[in-house]
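Residues per chain are reported as follows:
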Amino acid sequence: MCGIWALFGSDECLSVQCLSAMKIAHRGPDAFRFENVNGFTNCCFGFHRLAVVDQLYGMQPIRVKKFPYLWLCYNGEIYNHRQVGADARFPARRLVDGEGPSCHLYARGGAERTAALLDGVFAFVLLDTANASSPPRPGRLRRRPMFRLLTDRRSAGSEALHGGAPRVDPFPPGHYEVLDLKPSGKVVTVETVKYHSSRHQPLHTRASHSIPSVGRFSGFEPETVKGNIRLLFENAVRKRLMTERRIGCLLSGGLDSSLVAAVLLKQIKERKLPYPLQTFAIGMEDSPDLLAARKVASHIGSEHHEVIFDTYDITTVRMYLVSQYIRKNTDSVVIFSGEGSDELTQGYIYFHKVSHGGRVQCSAQSKRSVSTFADESSELKAWER
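Residues numbered from 1 in each chain as written. Predicted model: local features only at pLDDT ≥ 70, side-chain atom pairs only at ≥ 80, totals over all residues. Heavy atoms only, no water.

Naming follows an unreviewed UniProt entry, where the chain appears as Glutamine-dependent asparagine synthetase of Ornithorhynchus anatinus. A UniProt comment under Pathway (unreviewed entry) is attached to the chain, and it reads "Amino-acid biosynthesis; L-asparagine biosynthesis; L-asparagine from L-aspartate (L-Gln route): step 1/1." (UniProt positions renumbered as here; feature names shortened; annotations may be inferred.)

Below is the structure:
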């Protein structure tokens, strides 16, 4: 996906700052912008774009005429941006999902309410220069990987990690951080707040009426659980179709990726998208995964591609090779997969061989969290090459 980069309190020249921002250029091959904040020599933003939605007007940092004091750089997807805009009557100037909800919500309710009302995966860096009597305040929000670098002279936030930098730390998920930018150019943390936990119902599920609510089905009877799983799973696929680029799906022939591919193809047909679903499998010649994937692809009717390699089955190598193939040989950009579900539901065989004393204990509360908010987990991913 896109690469976002922000630097506050640097004493280095513009050319050095720009070269630093270019270290995440691989994150966005379609466009690049580097911009200093007017009146603040120690503030700058860098943005590498992979155009997925609104290819004409999606450049960043985002500025809104009504709020000229806000500078926003973000990466990710906000699935409920139209519903939030309609409920609050935000005048959206473009289709970019981050503009209306992020800037308008922040201007009305601050960082915590903004983050809590958004359904999606995102990382934000937002600079608020509104109040001249107090220091400008950069803020960071995270629900997807973001990293921060701190030195004795500066603070930088980036949505991609680059080597050789001192004290590069991952920004904690489900948190936001507020910082003061001092006249000297140094940044001081004001507060770091956890606004969401996977054990609690997200605020956006209570505020939005556009997504079917699991609350309609309460209890743990088998049929109720099945209905909730189906509802959540189908909605998790549906809301990730928010793209103007071609969609594909990784397919191993296992339960997880096969279900994702089948539901995805069904929804592509319902939306009457002008292309068939491309599925991608990788493995050694005639390996069980490839044979199973062929069978599933034939059954659901996808346009199937195979990548053959002759080394040991290492997940990292496989993901790199299949991603490389997709980029070089197809026009699919948004790729669905079933990665993560085995970790969430303890599907790997070594989980079953754990001794009773070491087995993961699952309370009624955690069961409710998994069954009710599975779409917040990593069991389904849509990612861009």
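Next comes the rest of the write-up.
(A) A look at the overall build of the chain. What the chain contains, in helices and strands, is eleven helices and 17 strands. Here the chain holds 385 residues, and the buried ones make up 48% of them. (Helix = DSSP H or I, 4+ residues; strand = E, 2+ residues; numbered from the N terminus. Buried < 20%, exposed > 50% of the residue type's maximum accessible area, 1.4 Å probe, protein only.)

(B) Representation of the pattern of salt bridges within the structure. Following the criterion strictly, the structure yields nine salt bridges and no others. Note that Asp119 is salt-bridged to Lys239, the shortest N-O span being 3.2 Å. Separated by 120 residues along the polypeptide, Asp119 in the loop between helix H3 (99-117) and strand S6 (120-128) and Lys239 in helix H5 (residues 222-239) bring together distant segments of the chain. For the salt bridge of Lys226 with Glu223, the shortest nitrogen-to-oxygen distance reads 3.4 Å. Here Lys226 and its partner Glu223 are both found in helix H5, three residues apart, which amounts to about one turn of the helix. Like Lys226, the residue Glu223 is exposed in the burial classification. Among the ionic contacts, a cluster of salt bridges with common partners joins Arg246, Glu303 and Asp331. (Salt bridge = Lys/Arg side-chain N within 4 Å of Asp/Glu carboxyl O.)

(C) Structural view of the environment of Asp286. Position of Asp286 among the secondary structure elements: in the loop between strand S14 (278-283) and helix H7 (288-300). Its relative accessible area of 46% is what places Asp286 among the partly exposed residues. Taking C-alpha positions, Asp286 is 9.1 Å from Ile308, a pair spaced 22 residues apart along the chain. Those residues in contact with Asp286 that sit more than four places away from it in its chain are Leu291 and Arg294. (Contact = heavy atoms within 4.5 Å.)

(D) Fine view of the packing of aromatic side chains. A complete count under the given rule lists seven aromatic pairs for this structure. Connected via pairs of aromatic rings, a cluster forms that spans Tyr74, Phe122 and Phe124. Directly above the ring of Trp71 sits Arg63, whose terminal nitrogen or CZ lies 3.6 Å from the centroid. (Phe/Tyr/Trp six-rings, centres within 6.5 Å; stacked < 30°, edge-to-face > 60°. Lys NZ or Arg CZ within 6 Å of the ring centre and 35° of its normal.)

(E) Summary view of H5. Compared with an ideal rise of 1.5 Å per residue, which puts 18 residues at 26 Å, H5 spans 26 Å between its outermost C-alpha atoms and is within 8% of the ideal. Thr224, Asn228, Leu232, Phe233, Asn235, Ala236, Val237 and Lys239 are the residues of H5 that are buried. (Expected span 1.5 Å × (residues − 1).)

(F) Structural context of the packing of H5 against helix H6 (residues 255-270). H6 packs onto H5 with a crossing angle of 60° between their chain directions and a minimal axis gap of 10 Å. On the basis of the axis angle, H5 is oblique to H6. H6 is crossed by H5, and the crossing has right-handed handedness. Counted together, Phe233, Glu234, Val237 and Arg238 of H5 and Leu259, Val260, Val263, Leu264 and Gln267 of H6 form the full contact between these two elements. When its residues are assigned to classes, the contact of H5 with H6 shows six nonpolar, one polar and two charged. (Axes fitted to C-alpha atoms, helices over the stretch in contact; angles between N-to-C directions. Parallel < 35°, antiparallel > 145°, perpendicular 65-115°, else oblique. Left-handed = near helix turned anticlockwise from the far one by under 90°. Nonpolar A, V, L, I, M, F, W, Y, C, P; charged D, E, K, R; others polar.)

(G) Molecular detail of a nonpolar patch on the surface. The grouping of Tyr348, Ile349 and Tyr350 at the surface amounts to a nonpolar patch, some 330 Å² of accessible area in total. Tracing the backbone shows Tyr350 in helix H10 (residues 349-352). You can call Tyr350 exposed: its relative accessible area is 52%. (Patch = residues over 30% accessible without salt bridge, like charges linked within 9 Å, V, L, I, M, F, W, Y side chains within 5 Å. Areas by Shrake-Rupley, 256 points an atom, 1.4 Å probe, with all protein chains shown as cover.)

(H) Focus on H7. With 13 residues, H7 should cover 18 Å at 1.5 Å per step; its first-to-last C-alpha distance of 19 Å lies within 8% of that length. Where H7 is concerned, the buried positions are Leu290, Ala293, Val296, Ala297 and Ile300. Seen end-on, H7 carries its buried residues on one side only, within an arc spanning 130°. Projecting away from the buried face of H7 at angles above 90 degrees are the exposed residues Pro288, Lys295, Ser298 and His299. The secondary structure elements touched by the buried residues of H7 are H6, S14 and strand S15 (303-308). Once H7 finishes, Gly301 follows within two positions and takes phi at roughly 85°, a positive value. (Arc of directions from axis to C-beta.)

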